[in-house]
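The residues making up each chain are set out below.
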Amino acid sequence: RRQGFRTMAAAVEDSATTGLGAYRTDGLERVSVREAAFHTGANRFYRLEATDARGWPLPFEDLHHRKAVIVNIGISGATARAEMAALRRISDEIAPRDGTRVLAFPTDEFSPGTTITDADIAAFARECGVHPRDAALTIMAKTTVDGPDAHPVFRYLKAMANIDTIGRDFGACFYVNRNAHLQGVAASAEAMYAVLKSELEG
C-alpha cells in the first residue's frame, strides 16, 4: 500500500496521526451502503459547485471524466509552502499527461485568531507560482471544511469517505476518479503526488 494513501477498501490505521476519522469498514451493512452510494455518486458529484479565488463559479460538471484532487489548504508557514509545491508538481508533471484537475480550498479555521482575506489568498498564490488562470491547479475562495457550516463539497466528500472531521490544514487530500467516485484519501499532497505518479508509471 502506498505510504500516506488509503483506498476506499482500507481503514485509516492511525487517525491521530493523519487527522482523519477511520473509514468504518468493520460492518458489512455500512460498507454495502457506502458502495451503493457509488452508483449515484457521479450524479451527485457533478451537481456540486464552488467559487474560485477570483469569485468565479466552478460547476463540477466541468470535471466530467477527469480525475480531481480536492484538498483544504493553509496559506502560511513552511508546511503550507511545501504542500503547495507538491500540488504544483501534480499540475506541472501529472496533469499534462492525464488531465488531472487540482482544486485547493484555503481555510483559516485551523489557525485560531487568524482571518485570511482574498488579498492574502492572492498573495499566497503568487508566492507559490500559481497563476489565476492555471487550468490544472485552481485556488478556490476561502472555505469552511468542518462543522455545521462546512462547504457542500466537503460535506459530500467526507460523507463518501466516512470521515467526521478533517481537523487540520492539508488534512485530507481527496482523489476522485474519472467516474466521479472517491477512490481514496491521502494524508498529504506529497502522498497524493506519489499515488498519481505511480499510476502514470504503471
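In this text the structure is predicted, and so the values were computed from the model without any measurement.

Novice: What exactly am I supposed to notice about the packing of aromatic side chains here?
Specialist: To describe a pair of aromatic rings, you give the distance between the ring centres and the angle between the ring planes. Evaluation of the coordinates by the stated rule reveals five aromatic pairs. Considering the side-chain rings of F45 and Y156, the 6.2 Å spacing of their centres and the 40 degrees angle between planes classify their relative orientation as tilted. Linking F45 in helix α2 (residues 28–46) with Y156 in helix α5 (residues 152–161), this pair joins segments that are 111 residues apart in sequence. Comparing F45 with Y156 shows no difference in burial state: the two are buried. Counting every residue linked through ring pairs, the aromatic cluster contains F45, Y46, F60 and Y156. Here R54 stacks its cationic end above the ring of W56, 3.8 Å away from the centre of that ring.

Novice: Would you mind showing me how to read helix α4 (residues 118–127) here?
Specialist: Because the α-helix completes a turn every 3.6 residues, residues three or four places apart line up on one side. Within α4, the full set of buried residues consists of I121, F124 and A125. Projected onto a plane normal to the axis of α4, the buried residues spread over an arc of 100 degrees and lie on a single side. Relative to its buried face, α4 has exposed residues pointing more than 90 degrees away, namely A119, R126 and E127. The secondary structure elements touched by the buried residues of α4 are β4 (68–73), α3 (78–98), β5 (101–106) and β6 (137–139).

Novice: Any chance you could explain unusual backbone geometry here in plain terms?
Specialist: Note on backbone geometry: most residues besides glycine have negative phi, and most peptide bonds are trans. Positive phi is not limited to glycine here, since H65 has a value of about 60 degrees. Structurally, the position occupied by H65 is in the loop between β3 (57–59) and β4. One non-glycine residue with positive phi stands out, namely N162, at about 60 degrees. Within the element layout of this structure, N162 appears in the loop between α5 and β7 (173–176). On the accessibility criterion, N162 (24% relative accessible area) is partly exposed.

Novice: Just checking my understanding: could you explain the packing of α3 against helix α6 (residues 189–201) for this structure?
Specialist: Axes are the key here: two packed helices are described by the angle between their axes and the distance separating the axes. Remark: α3 packs on α6, axes separated minimally by 8 Å, with the N-to-C direction vectors making an angle of 20 degrees. In terms of their interaxial angle, α3 and α6 are classed as roughly parallel. Crossing geometry of α3 relative to α6 is assigned as left-handed. Of α6, the residues touching α3 (which contributes E83, A86, L87, R89, I90, E93, I94, R97 and D98) are A189, E190, M192, Y193, L196, K197 and L200. Partitioned by chemical class, the residues of the contact of α3 with α6 number nine nonpolar, no polar and seven charged.

Rules of the game
Residues numbered from 1 in each chain as written. Predicted model: local features only at pLDDT ≥ 70, side-chain atom pairs only at ≥ 80, totals over all residues. Heavy atoms only, no water. Phe/Tyr/Trp six-rings, centres within 6.5 Å; stacked < 30°, edge-to-face > 60°. Helix = DSSP H or I, 4+ residues; strand = E, 2+ residues; numbered from the N terminus. Buried < 20%, exposed > 50% of the residue type's maximum accessible area, 1.4 Å probe, protein only. Lys NZ or Arg CZ within 6 Å of the ring centre and 35° of its normal. Arc of directions from axis to C-beta. Contact = heavy atoms within 4.5 Å. Axes fitted to C-alpha atoms, helices over the stretch in contact; angles between N-to-C directions. Parallel < 35°, antiparallel > 145°, perpendicular 65-115°, else oblique. Left-handed = near helix turned anticlockwise from the far one by under 90°. Nonpolar A, V, L, I, M, F, W, Y, C, P; charged D, E, K, R; others polar.

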